[in-house]
Amino acid sequence: MEKNEKYIRRCLEIAKNGLGTTYPNPMVGSVIVHNNRIIGEGWHKKSGEPHAEVNAVNAVKNKSLLKEATIYVSLEPCSHFGKTPPCCDLIIANEIPNVVIGTVDPNEKVAGNGIKKLIAAGKKVTVGILEKECYELNKRFFTYHNQKRPYIILKWAETADSFLAPLTKNSERAPVWITNSYSRQLVHKWRTEEQAILVGTQTAVTDNPKLDARTWFGNNPVRVLIDQNHRIPTDSHLVDNTIKTIIFSSKNNTFSTENTFYETIDFSQNTVQQILSKLYDYQIQSVIIEGGLHTLQSFIDAYFWDEARVFIGKSSFGNGIPAPKINGIKTILKNIEGDQLYLIKKHD
């Protein structure tokens, strides 16, 4: 068991290289071991490209050793044809006798079928090694398939005296920064790791955000806007058609364009649930909720959130728009040049 954990832990380490690039696929790592020595390893890099098991097998120089080896993989090997052939068939074809799996794949196209196929082919299959850690790695993927919604990350910055924003600001459509440039760059890094980012009307009107990842290298998230009555100005960044954007509205007389999609929902009931259902239909597995107060609190009150990342800056406003009220397990993550970063997780 200890040896199995060692190699599954290595699978998890290399799988993390795919954070933000594998959607809609999960992050997966694979290691091939012969006589207690790693002879090949690989991870899934991008949807449509080879899976982790393929990259691991291809990394083995002496393929004859595969007949005496064990392949470790953090998530159950696929058994169906998608953009690539089934990884189970690859394992069987290369006559790898032993397979150790971190956790079962929740995708209904797999969901234990890969394990059954390997056992039917005479392979010795071990399942459930570091299962909790394997789940945590793909918490977005598991939430999407098991709960039929994206994994939800709340994010905000508040002052030392617990305000999100001043009561009034000048006429310029721009944010009033609470955190420093290092914290803001970290937020841009987070944006490259998640599939979507959401704000409400007031934030769009007053701050005119771009919601991109301009200070970090990686993919821009899909921008999501709640704009019930089409209040945001037409010269706003969020409707500049440069990044895929989904706008939730109560009116159905607005037509989608090449990169901007309008979705009509009923704002008189279950707004949050309707938004999450639509994002699920768009195959969005994770979303950052960036505010403001009304939007953040609506997700908190509906109990649709998984974690909150909260910055507390050094400045104080004296009065202003208060920070959201949230209950959960709070952990101090780090100090970023004077900004305190907290993680809050929901109680089980």
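Each chain carries its own residue numbering, running from 1 in the direction its sequence is written. Restriction of local features to residues with pLDDT of at least 70 applies here, the model being predicted, together with a cutoff of 80 or more for giving and counting side-chain atom pairs; totals for whole chains, interfaces and linings are based on all residues. Each side-chain value is derived from all of the structure's non-hydrogen atoms; neither hydrogens nor water enter the calculation.

## Considering the pairing of strand E16 (residues 339-345)
Part 1: When a residue's accessible area, from a 1.4 Å probe over protein chains only, is under 20% of the maximum for its type it is buried; when over 50% it is exposed; and in between it is partly exposed. Helix numbering and strand numbering both begin at the N terminus, where a helix is a DSSP run of H or I of at least 4 residues and a strand a DSSP run of E of at least 2. Of all seven residues in E16, five are buried, a share of seventy percent or more.
Part 2: Bridge count for strand E13 (residues 307-312) against E16 is six bridges, and the pairing is antiparallel. Within E16, the residue paired with valine 310 across the bridge is tyrosine 342.
Part 3: Here, any two strands with at least 2 DSSP bridges between them count as paired. Here strand E15 (residues 329-336) runs beside E16; their pairing, made up of seven bridges, is antiparallel. Bridge pairing links isoleucine 336 to aspartate 339 in E16.
Part 4: Taken together, E15 and the strand that follows it, E16, pair antiparallel across an intervening segment of two residues, in which glutamate 337 is found at a positive phi of about 50°.

## Points about the sheet that holds strand E10 (residues 245-249)
Part 1: Pairing is mixed across the open sheet formed by nine strands, whose spatial order is E11-E10-E9-E8-E12-E6-E13-E16-E15. Taken across any chain shown, the strands that pair with only one partner, and hence form the sheet edges, are strand E11 (260-264) and E15. When the angles between neighbouring strand axes are averaged without regard to direction, this sheet yields 20°.
Part 2: Across the sheet, helix H9 (residues 271-281) touches strand E6 (151-158), strand E8 (196-199), strand E9 (222-226), E10, E11 and strand E12 (286-289), and the angle it forms with E10 is around 150°.
Part 3: Between two residues, a contact is recorded if the distance between any of their heavy atoms is within 4.5 Å. A fitted line through C-alpha atoms serves as each axis, taken over the contacting stretch for helices, and the angle formed by two N-to-C directions is quoted from 0 to 180°. Sheet strands in contact with helix H10 (residues 293-301) are E6, E8, E9 and E12, and its direction is about 135° off that of E6.

## With respect to the UniProt feature "active site" (unreviewed entry) in the chain
Part 1: Mapped onto this numbering, the UniProt entry gives "active site" (unreviewed entry) at Glu53.
Part 2: Residue classification places glutamate 53 among the buried residues on the basis of a relative accessible area of 3%.
Part 3: If sequence neighbours within four positions are ignored, glutamate 53 has contacts with Ser30, Ile71, Val73, Leu75, Pro77, Cys87 and Leu90. UniProt positions are given in the numbering used here, feature names are shortened, and annotations may be inferred rather than shown by experiment.

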